[in-house]
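Residues per chain are reported as follows:
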Amino acid sequence: MSPLQELLAEVPQVGQVRWIGVRPKAREAMLEVDAVEARRDAGLTGDHSRPGPRNARQVTLIQWEHLAVVAALLGREAPMLPSELRRNIAVAGINLFSLKGRRFRIGQALLETTGWCQPCARLEERLGRGTFQAMRGHGGITARVIEGGIIRLEDAVSVEPLETISDPQDNDARQGWRARLAGR
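Residues numbered from 1 in each chain as written. Predicted model: local features only at pLDDT ≥ 70, side-chain atom pairs only at ≥ 80, totals over all residues. Heavy atoms only, no water.

Novice: It is not clear to me how unusual backbone geometry should be interpreted in this structure. Could you clarify?
Specialist: Glycine aside, a negative phi is what most residues show, and trans is what most peptide bonds show. A positive phi angle, close to 70°, is found at Arg 27, a residue other than glycine. Within the fold, Arg 27 resides in the loop between strand 1 (15-22) and strand 2 (31-32). (Helix = DSSP H or I, 4+ residues; strand = E, 2+ residues; numbered from the N terminus.)

Pasting the structure below:
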């Protein structure tokens, strides 16, 4: 395993659930809860997410620390509320980007990262001009439920062990850099 693969494979941080919310119907207000059931291939109980194994957005997570960053980019003095940004789970203490292509455990549930949770035009409509740009790079991740279970406030968020990283984009970039160094 290369030094870069070793660095990517190890995620020593353990996060913590700071907020949980569900949306009973699209465009309705978020309901803040203390615990929620994550269901395999279906997402969170009480959330309007479309069930099914092909739904890559069964659960959305946002970095707790980014709530203050987004607020600052919008000129607000107080951090954003997780409910304003419409993500299901706000997590502190672990970089969500380190979960790319990984499985991770929250409470009893096992989830798998499926992508980045990009901002949408509705956030701009709801929160005002500039919200879309402020959220870019701070929108969190999307995930699917691999093993169901209960997720509670203050539950740990830990990454499952990984033998090797297979990220073709990163590998292609490294190979291109090596070729340029070699003068090819």
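Text resumes after the structure shown.
Novice: I tried to follow the packing of aromatic side chains on my own but got confused; where do I start?
Specialist: Aromatic ring pairs: the centre-centre distance and the angle between the two ring planes describe each pair. Under the definition given, this model contains one aromatic pair. Ring geometry for Phe 97 and Trp 116: centres 4.3 Å apart, planes at 35°, overall tilted. You can see Phe 97 sitting in the loop between strand 6 (89-92) and strand 7 (103-106) and its partner Trp 116 sitting in strand 8 (residues 109-116), a full 19 residues away along the chain. Given a relative accessible area of 39%, Phe 97 falls into the partly exposed group. (Phe/Tyr/Trp six-rings, centres within 6.5 Å; stacked < 30°, edge-to-face > 60°. Buried < 20%, exposed > 50% of the residue type's maximum accessible area, 1.4 Å probe, protein only.)

Novice: Explanation requested: the pattern of salt bridges in the structure shown.
Specialist: Working definition: two side chains of opposite charge can pair if their charged atoms are close together. Scanning all chains against the criterion turns up seven salt bridges. Across the pair Arg 23 and Asp 47 runs a salt bridge, and its minimum N-O distance is 3.4 Å. With Arg 23 in the loop between strand 1 and strand 2 and Asp 47 in the loop between strand 4 (43-44) and strand 5 (59-63), this pair connects stretches of sequence that are 24 residues apart. On the basis of relative accessible area, Arg 23 is assigned to the buried category, the value being 9%. The salt bridge involving Arg 105 is made with Glu 160; its shortest N-O contact spans 3.7 Å. Of this pair, Arg 105 sits in strand 7 while Glu 160 is found in the loop between strand 11 (156-159) and helix 6 (168-181), placing the two residues 55 residues apart along the sequence. Assessed through its relative accessible area of 26%, Glu 160 is described here as partly exposed. By sharing partners, the salt bridges in this structure join Arg 103, Glu 112 and Arg 144 into a single network. (Salt bridge = Lys/Arg side-chain N within 4 Å of Asp/Glu carboxyl O.)

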